[in-house]
Structure formats: C-alpha cells, structure tokens
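# Architecture at a glance
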Amino acid sequence: LQCGWFGCPVVPGSRPSPMELPPGAGLPPLCALGAVSVCAVPLAVVLARSKPMEQGRVLGISVVTGCCAAILWIWALLNCQQHFDLGAVTFAIALVASAAGMSASAGDGSASRARLFRCLGPVACLLVAVNFLLGLIIIAKPWTLRLYFILAFGWWLLAGALSLEFAVPLAKRLAGGELGSGLI
C-alpha cells in the first residue's frame, strides 16, 4: 500500500495517514510561484529605477523574494490547518529578510541595515531552499509535488545568491568602502 505519510508504505496495523496527497499536488503552488515572480519582477524594476544601482538591486531582489514569500507563507499557514508545514516558519524568516532589504535600500540607505541584509537575505533564502530539499527527500509521490520542490529549491538558491551578490556592494558603499570582518 502507498497511502502512508508522504506516499511511504503503510505498515499493517499502523494508523492511516491524515494527509493524503492528491495527484497534481505541487502544481498550484508552482504556478503561484511562477505567476508571482512574473508579476513582482516588473514591480521591482519600476520601484528600483529611481535608486542608485546598488540600492536598486537590493530593493529589486527584496521585492521579488518578499512577494513570493508572502504568498507561499499564507499557503503554508493554510496547510498548517491540516498538518505542520515548515514553510510557515521559513517563509516568515524570508519576509523579515525582505523587509530588511527594503529598509536598507530606502532613502539614502543605511549601512547597518545593509549589513543586516547582507547576512539575513542569503541565509533566509537558504533556509527556504533547505525546506524544499527536505520535502524532496521525504516525499516520494506525486511527481508533480517533487517537481515543485526541485524548481522552488533552485529558485530560492538563486534568490539567495543574488541577495548576497547585491547586498555586498551596497553594504560596502554605505559603510564608506569598508565592510569590516563581521557578517553584521
């Protein structure tokens, strides 16, 4: 039988799973991630256009990751009505990181907020990516959910790399050219 937790075989005499994954599970959140990304990128471009390059890049990645994290965080909270979803925690951390990035790029910018985002932005994205990797390891079926986990894992890894790539020059510029040796 393949009706236990995450499609794992059920041991005779064990209790049945409260979570049944329907065929096609993973396609709705994958479509949501894609749609929100497609809509958030033009918004980020418009918002970042008036900023200096370093601030604009941090604002842009923060807007895109924040929009995606917000939608998926709500989705994870709804999942928590049936079972615990670690995304309720990791997407909340990504939202905080996104807010830190937006704050770092506001006005003339803040060196301390830019240093905070330099650490928090990539770490938050990495935590979300690890969450998807855990799902990929644990869940065997349906294949559509695994596809979502694979693509979302890559999306959040890329977002984390871009967060770091964009945050370092902003933190350096706002600190007067010197970053110091600490992460924050």
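Our structure's up above, just so we're on the same page.
Right, let's walk through the structure included here. (Residues numbered from 1 in each chain as written. Predicted model: local features only at pLDDT ≥ 70, side-chain atom pairs only at ≥ 80, totals over all residues. Heavy atoms only, no water.)

Further remarks concern the overall build of the protein. Scanning the protein from N- to C-terminus turns up five helices and zero strands. Mapped in sequence order, the helices and strands of the protein form the string α-α-α-α-α. Residue burial in the protein is summarised as follows: out of 184 residues, 41% are buried. Counted over contacts in the protein with a minimum sequence separation of 6, partners at least 24 positions apart contribute 69%. Summed over all atoms, the accessible surface of the protein reaches about 9,700 Å², with 71% contributed by carbon and sulfur. (Helix = DSSP H or I, 4+ residues; strand = E, 2+ residues; numbered from the N terminus. Buried < 20%, exposed > 50% of the residue type's maximum accessible area, 1.4 Å probe, protein only. Contact = heavy atoms within 4.5 Å. Areas by Shrake-Rupley, 256 points an atom, 1.4 Å probe, with all protein chains shown as cover.)

We now examine the packing of helix H1 (residues 27–48) against helix H2 (residues 53–79). In contact at an axis separation of 8 Å, H1 and H2 are set at 150° when each is read in the N-to-C sense. By the criterion of interaxial angle, the relationship of H1 to H2 is roughly antiparallel. Seen along the crossing, H1 lies across H2 with a hand that is right-handed. On H2, the residues that touch Pro 28, Pro 29, Ala 32, Leu 33, Val 36, Ser 37, Ala 40, Val 41, Leu 43, Ala 44, Leu 47 and Ala 48 of H1 are Gly 56, Leu 59, Gly 60, Val 63, Val 64, Cys 67, Cys 68, Ile 71, Leu 72 and Trp 75. The residue makeup of the contact of H1 with H2, split by class, is 19 nonpolar, three polar and no charged. (Axes fitted to C-alpha atoms, helices over the stretch in contact; angles between N-to-C directions. Parallel < 35°, antiparallel > 145°, perpendicular 65-115°, else oblique. Left-handed = near helix turned anticlockwise from the far one by under 90°. Nonpolar A, V, L, I, M, F, W, Y, C, P; charged D, E, K, R; others polar.)

Here we come to the environment of Thr 65. Here Thr 65 lies in helix H2. Counting along the chain gives 29 residues from Thr 65 to Val 36, while the straight-line C-alpha distance between them is 9.6 Å. When residues no more than four places from it in sequence are discounted, the contact partners of Thr 65 are Ser 98, Cys 125, Trp 155, Trp 156 and Ala 159. A distance of 3.4 Å separates a polar atom in the side chain of Thr 65 from the backbone oxygen of Ser 62. (Polar contact = N/O pair within 3.5 Å; in protein donor to acceptor, adjacent residues only side chain to side chain.)

On to the nonpolar core. Core analysis: the biggest nonpolar cluster contains 25 residues, and Phe 91, Phe 132, Tyr 148, Phe 149 and Trp 156 have the highest contact counts within it. Setting aside anything within four residues of it in sequence, one finds Trp 156 in contact with Thr 65, Cys 68, Ala 69, Leu 72, Phe 91, Ala 94, Cys 125, Val 128, Ala 129 and Phe 132. Core analysis: the second largest hydrophobic core is formed by eleven residues, Ile 61, Phe 117, Ala 171 and Leu 174 among them. (Core = buried A, V, L, I, M, F, W, Y, C linked by side-chain atoms within 4.5 Å.)

In this section: the packing of aromatic side chains. Going through the model one piece at a time under the given rule, you end up with six aromatic pairs. On the numbers, 5.9 Å between centres and 55° between planes, the contact of Phe 91 with Trp 156 is tilted. Placement of the pair is Phe 91 in helix H3 (residues 87–104) and Trp 156 in helix H5 (residues 143–174), with a sequence separation of 65 residues. The exposure class assigned to Trp 156 is buried, which follows from its relative accessible area of 0%. Every member of this aromatic cluster is reached through a ring pair, and the members are Phe 91, Phe 132, Tyr 148, Phe 149, Trp 155 and Trp 156. (Phe/Tyr/Trp six-rings, centres within 6.5 Å; stacked < 30°, edge-to-face > 60°.)

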